[in-house]
Amino acid sequence: MRSAQGSSRALLCSTAFLLVLLSSASKDERDLQQRDVTFDLDKIMQEMQQPDSFMLQKEVDLSDLFDPKVDFGEQVIVPEQYDTLSERGGSRPGVMTPRGRRPSFGPRSFGGPPILEYPVEFPLARPSSDNLQAICLHGDRRPSYPDSYFPASGFGQQKRRASAVNKAESWFSTCCKGNETWGRDVTLCCATQAWELSVESFCEEDSSVKDRLYDCCRQTGRDRLNCFHNDAPNPNYEPTEELPVPPLPSSAGFSFDPNTCQRTVMTPYSVRGNRRKKVKKPSTSQKVDIDFPPGRPTVDAIESLCHNQKLRPLYTVKCLPGEGYEMLARQAKTINRIEKGFKQCCKKKQDVLNCADQKWRLELNRFCAGENGEQVDFHCCSTSQTAQDRYNCFQSISPDPHYNMTSAAEELSLTKICDTHKIIKKKFPVGFPLKSFMTQCCPLPDQDKTSCLEQKLKETSDKLCSSKKASPPAVRRCCRASSEEAPQCISKILMDAVTKATNVSRQKKKKRCPLS
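Residues numbered from 1 in each chain as written. Predicted model: local features only at pLDDT ≥ 70, side-chain atom pairs only at ≥ 80, totals over all residues. Heavy atoms only, no water.

Visitor: Explain the confidence of the model for the protein chain to me, and be specific about the residues and the numbers.
Guide: Across the protein chain, the average pLDDT comes to 74, with 68% of residues at or above 70. With pLDDT under 50 throughout, residues 104-115 is counted as low confidence; its partners more than four residues away or in other chains account for 25 contacts. A low-confidence stretch, residues 263-285 (pLDDT under 50), is modelled with 58 contacts involving residues beyond four sequence positions or located in other chains. (pLDDT = per-residue confidence, 0-100. Contact = heavy atoms within 4.5 Å.)

What follows is the structure, encoded as structure tokens:
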């Protein structure tokens, strides 16, 4: 009995042990089936301490996956417009992405496509005496924006900004080419007009579309221009491109007349030694009419210089306003002194050329020296130049360097009546009033003046020939001719008087105003 009980206990223990082993084996097998993926806890904890690697939104470089020429259509998200790369997180604050570089991909929005950016360096700064040299020197090292820079659709605001930059840079190029003959002040006047026109045309275009209006365009007048200037990311027009940028086709819509500028007051100060005295800008309705500087006397020009001296004008400064025309008055006085010296030299029978050249150099050196010895702000007067460089500079910008403009007989036209009508009325009366000619035609621009005078002459002819009042014999002879020939006959009477009056004015050598 005890033996049977012992066997049963042994069997029970064996059975229990076997069940434990089977349970352990089953658990081991289940654990083995779940070891497809393992986790390194230390590595996970280390990565969790780096927030950039655990963010849902991460900036990645997709330039190898996307072709910038591909039009993303509606999937492209237009980024908020910024003015400089510094506001976009660029690596070079205030510097334009060079033309030809791929457009950059910005951060992805949650679940959205990448943002494609087309940066434009906008707006440009106001031209000044401080940045004019850089404007002309680095024009091919600043970015331009061809049509291929943008996709065919979208990015309207950036395209308008790019167009404004292209226009201004193209017009700057036109101004800089004229710098060789105009001089620094007129070039600055040209660049300023080009910049102001580009600003106004941009605002006009920007306000014509249903889009967010550029903030500065909400202002007007001088405040608008100042706003654009203050927003400029590159006010000094520094070069931002490593290689020269191919020029774009010239932009139409800008024409510049140097006569609309007062050469010496376009810079903020007329004399470097008087930095605190501001110079007022003259009215653009008045045109500068002065041949400065005179050409340097040479062997080939000395005969013409002396022979035609009476045909060259002298100038009065009494007609000039009190402020803003100091340099123009300085130029007029210099010409008068040079011509006076030429007159004395031409009376000599020998060494005329050396005398005239010495007088020319003396007076231009005097022109460059201020009243108190300070340097005058005129580009040929630069202190960095040698004396010979200075003389070559004046010769290169002279409107008549070889004295050829007065060598031929002046061609008279009906428009000369505007200059000689007082002499005609006093010494060579024509038998009919000229007041209507003066009041209606002479104030007009040159291109309109001639047609106005011809029309007025025909009206006067018809009126004279239809009147029953007594007329001078010359007018009666004209009225006996046909209606087609009568105006021509009256015109000949008037032109004869103009010729006689012109000869008288040349003999009197009357000084004229350098402003017209």
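Visitor: Tell me about unusual backbone geometry, residues and numbers included.
Guide: A cis geometry characterises the amide bond from Phe 122 onward to Pro 123, with omega recorded as 0 degrees. In this structure, Pro 123 sits in the loop between β2 (116-117) and α3 (132-137). Here the amide bond leading from Phe 292 into Pro 293 is cis, since omega sits at -5 degrees, within 30 degrees of zero. Note that Pro 293 resides in the loop between α6 (221-231) and α7 (302-307). In this structure, Phe 155 is a non-glycine residue whose phi angle is positive, near 60 degrees. (Helix = DSSP H or I, 4+ residues; strand = E, 2+ residues; numbered from the N terminus.)

Visitor: Lay out the nonpolar core in plain terms, naming residues and giving numbers.
Guide: Phe 122, Phe 172, Trp 195, Phe 202, Phe 228 and Tyr 237 are the most contacted members of the largest nonpolar core, which totals 42 residues. Of all the secondary-structure elements, those providing two or more residues to this core are α3, α4 (156-182), α5 (184-206) and α6. With 10 residues, the top contributor of residues to this core is α5. In this structure, Ile 302, Leu 320, Cys 345 and Tyr 391 belong to the second largest nonpolar core, which totals 34 residues. (Core = buried A, V, L, I, M, F, W, Y, C linked by side-chain atoms within 4.5 Å. Buried < 20%, exposed > 50% of the residue type's maximum accessible area, 1.4 Å probe, protein only.)

Visitor: Describe in detail the packing of helix α8 (residues 326-346) against helix α9 (residues 352-368), supporting the description with residues and values.
Guide: Remark: α8 packs on α9, axes separated minimally by 9 Å, with the N-to-C direction vectors making an angle of 160 degrees. Classified by the angle between their axes, α8 and α9 sit roughly antiparallel to one another. Crossing hand, α8 versus α9: right-handed. Packed against α8, whose contacting residues are Met 327, Arg 330, Gln 331, Thr 334, Arg 337, Ile 338, Gly 341, Phe 342, Cys 345 and Cys 346, the element α9 presents Val 352, Cys 355, Ala 356, Lys 359, Trp 360, Glu 363, Leu 364, Arg 366 and Phe 367 at the interface. Taken together, the residues of the contact of α8 with α9 sort by class into 11 nonpolar, three polar and five charged. (Axes fitted to C-alpha atoms, helices over the stretch in contact; angles between N-to-C directions. Parallel < 35°, antiparallel > 145°, perpendicular 65-115°, else oblique. Left-handed = near helix turned anticlockwise from the far one by under 90°. Nonpolar A, V, L, I, M, F, W, Y, C, P; charged D, E, K, R; others polar.)

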